[in-house]
Amino acid sequence: MARVLITSGPTREAIDPVRFIANASSGRMGRALAAAALALGHTVEVVTGPAEVAPPPGARITRVETARQMLAACERLHPSCDVLIGAAAVCDYRPAAPLAEKRRRDASTWTLELIANPDVLATLGRVKGSRVHVGFALETGPLAGAHARAREKLAEKNLDWIVLNAAETIGGDRGAYWLLARDGSDRALGERTKEELARHLVPLVTARSREA
Ligand code: CTP
């Protein structure tokens, strides 16, 4: 049986003590992946940002808020895991200088400076070893460009597979998916629910981890 590490949900980046930057990720994809892995008897570690839905019972849960906390938790768990699946919608940017006190309202404009967050999958991709790594690519715009960008992400993050999905999937129940692999293949999986996608993906990637 494999140890499967799953990132899930959005991250949350503070602007001041009461405001933050986040995104529409619900945590449903992470929950579906965890449930599918548990159903096959795997040990499941979920590192989740503040999501609408909780991971399933039976999963070991580490709750985080920010991208940097997500990376730190994953760096602690990754050495003992065989499979990493990055389903979190990690905020790519955070406010450069979060305020210690709440900003009061006035009539002026407010310009926020944002700085880049670390990339969880790319960072762990540099110490991947024989583990199996899987990512998601959330793309907007024409499909041809989306496939090309997903393939670039697969290479940049040193992934074995990347699941391409359209931005409409975020927060929803179902979507159209494509599965791109390191060997160059690109397969349409059609319209599925997140649970159906997870039940397809998890056996595939955990079987590969046993071959390694
Ligand atoms: N990811 C990550 N850490 C980040 C950003 C993304 O681990 N800071 C992971 C996501 O969990 C996902 C994959 O990388 O599995 C791709 O995420 P996506 O948002 O599609 O791509 P980005 O790398 O953020 O690139 P861009 O926003 O430019 O499309």
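Further up the page is the structure itself.
Every chain is numbered on its own, with residues counted from 1 as its sequence reads. Only residues with pLDDT of at least 70 are given local features in this predicted model, and only at 80 or more are side-chain atom pairs given and counted; all residues enter the totals for whole chains, interfaces and linings. Calculated side-chain values reflect all of the structure's heavy atoms, with hydrogen atoms and water omitted.

S.K.: Account for the site of the ligand, with residues named and values stated.
M.R.: A cutoff of 4 Å decides nearness: a residue is near a molecule or strand if any of its heavy atoms lies inside that distance of it. Surrounding the ligand, one finds 14 residues, the nearest of these being Gly 86, Ala 88, Phe 136, Lys 153 and Lys 157. Nitrogen and oxygen atoms within 3.5 Å of one another constitute a polar contact, given that in protein one can donate a hydrogen and the other can accept it, and given that sequence-neighbouring residues count only through two side-chain atoms. In the model, a nitrogen atom of the ligand is placed 3.4 Å from a nitrogen or oxygen of the Asp 119 side chain. The backbone of Leu 138 places a nitrogen or oxygen atom 3.0 Å from an oxygen atom of the ligand. The protein chains shown are the only cover counted for residues, whose accessible areas, like all others here, come from Shrake-Rupley with a 1.4 Å probe. Coverage of the ligand by the protein chains reaches 77% of its 570 Å² of free accessible surface. Within the residue set of the shell around the ligand, elements represented by two or more residues are α3 (120–125) and β9 (132–139). Counting from the N terminus, the helices are the DSSP runs of H or I reaching at least four residues and the strands are the DSSP runs of E reaching at least two. No other element matches the four residues that β9 contributes to the shell around the ligand. Residue classes in the shell around the ligand are distributed as eight nonpolar, two polar and four charged. Each residue is assigned to one class: nonpolar for Ala, Val, Leu, Ile, Met, Phe, Trp, Tyr, Cys and Pro, charged for Asp, Glu, Lys and Arg, and polar for all the others, Gly among them.

S.K.: Tell me what's going on with the packing of aromatic side chains, and back it up with residues and numbers.
M.R.: Two aromatic rings from Phe, Tyr or Trp, using only the six-membered ring of Trp, form a pair when their centres are within 6.5 Å; if the ring planes differ by under 30 degrees the pair is stacked, by over 60 it is edge-to-face, and anything between is tilted. Scanning all chains against the criterion turns up zero aromatic pairs. Its guanidinium or amino end placed over the ring of Phe 20, Arg 12 lies 4.1 Å from that ring's centre, counting from NZ or CZ. By definition here, charges over rings are those cases where NZ of Lys or CZ of Arg is within 6 Å of the ring centre and within 35 degrees of the ring normal.

S.K.: Hey, could you go over the sheet that holds strand β6 (residues 83–86) for me, with residue numbers and the actual values?
M.R.: Backbone-to-backbone hydrogen bonds pair the strands of a sheet. The strands run either parallel or antiparallel. Pairing between strands is defined by DSSP: at least two bridges between them are needed. Strand order in the open sheet formed by eight strands is β5-β4-β1-β6-β9-β10-β11-β12, with mixed pairing between adjacent strands. Strands at the two margins of the open sheet, each flanked by one partner only, are β5 (60–63) and β12 (186–193). Each neighbouring strand pair of the sheet contributes to a mean axis angle of 20°, computed without reference to strand direction. Relative to strand β11 (residues 174–181), strand β10 (residues 161–166) runs antiparallel, the two sharing five bridges. The axes used here are C-alpha line fits, helices contributing only the stretch in contact, and every angle between their N-to-C directions lies in the interval 0 to 180 degrees.

S.K.: Account for the pattern of salt bridges, naming residues and giving values.
M.R.: In what follows, salt bridge is the name for a side-chain nitrogen of Lys or Arg lying within 4 Å of a carboxyl oxygen of Asp or Glu. A complete count under the given rule lists 10 salt bridges for this structure. Residue Glu 139 is joined to Lys 153 by a salt bridge in which the shortest nitrogen-to-oxygen separation is 2.6 Å. Of the two residues, Glu 139 is situated in strand β9 and Lys 153 in helix α4 (residues 143–156); the sequence distance between them amounts to 14 residues. Close ionic contact of Asp 160 with Arg 182 constitutes a salt bridge, the shortest N to O distance being 3.3 Å. Within this pair, whereas Asp 160 is found in the loop between α4 and β10, its partner Arg 182 is found in the loop between β11 and β12, the two being separated by 22 residues in sequence. For Asp 160, a relative accessible area of 8% translates into the label buried. Burial classes: relative accessible area under 20% of the type maximum marks a residue as buried, over 50% as exposed, and values in between as partly exposed (1.4 Å probe, protein chains only).

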